[in-house]
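Structural overview
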Amino acid sequence: MNQQDDKKMKERTKKTELILSYQVTGEAYIATDSSEWKHIVLIHFNRIQRGDITLNQLLSIMKHKGVIFSQHDSLVKYPVKECLEYIAKISDTTLEMKELV
């Protein structure tokens, strides 16, 4: 691995840590550890960004992966959407979701 690749990897790791530790409003609506569900959101960010999946589909994926919601899906959308917006901000990219909250 050359020095440039190492620098990119360190920057990516730093951004991932920022995202996973970011305090999202409404996190209490999700009973699973915040870093676990944020990691799932991070993994599926590009699919949301491209419009391949909707926010509701992302919530279904999260449930399938074992994420437990302590509130109704309609309320859980807000912290997940905020997390997606933060990922876009950190990534210096835009985010247009098919389905807004």
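Now for a look at the structure at hand.

Cut-offs and rules
Residues numbered from 1 in each chain as written. Predicted model: local features only at pLDDT ≥ 70, side-chain atom pairs only at ≥ 80, totals over all residues. Heavy atoms only, no water. Helix = DSSP H or I, 4+ residues; strand = E, 2+ residues; numbered from the N terminus. Buried < 20%, exposed > 50% of the residue type's maximum accessible area, 1.4 Å probe, protein only. Salt bridge = Lys/Arg side-chain N within 4 Å of Asp/Glu carboxyl O. Phe/Tyr/Trp six-rings, centres within 6.5 Å; stacked < 30°, edge-to-face > 60°.

Backbone geometry at aspartate 92 places phi at a positive 55°, although glycine is not the residue there. In this structure, aspartate 92 sits in the segment after helix H5 (73–90). Of the residues examined, aspartate 92 reaches a relative accessible area of 70% and is grouped as exposed.

Moving on, we get to the pattern of salt bridges. In the structure shown here, the tally under the stated rule is six salt bridges. Residue arginine 50 pairs with aspartate 52 through a salt bridge whose shortest N-O separation is 2.8 Å. According to the relative accessible area criterion, arginine 50 is exposed, its value standing at 56%.

This part covers the packing of aromatic side chains. Counted by the stated rule, this structure contains one aromatic pair. Summarising the aromatic geometry, the rings of tyrosine 22 and tyrosine 86 are spaced 3.7 Å apart at their centres and angled 5° between planes, so their arrangement reads as stacked. In this pair, tyrosine 22 is assigned in the loop between helix H1 (3–21) and helix H2 (34–43) and tyrosine 86 in helix H5, connecting sequence segments 64 residues apart. A relative accessible area of 26% means that tyrosine 22 is categorised as partly exposed. A relative accessible area of 14% means that tyrosine 86 is categorised as buried.

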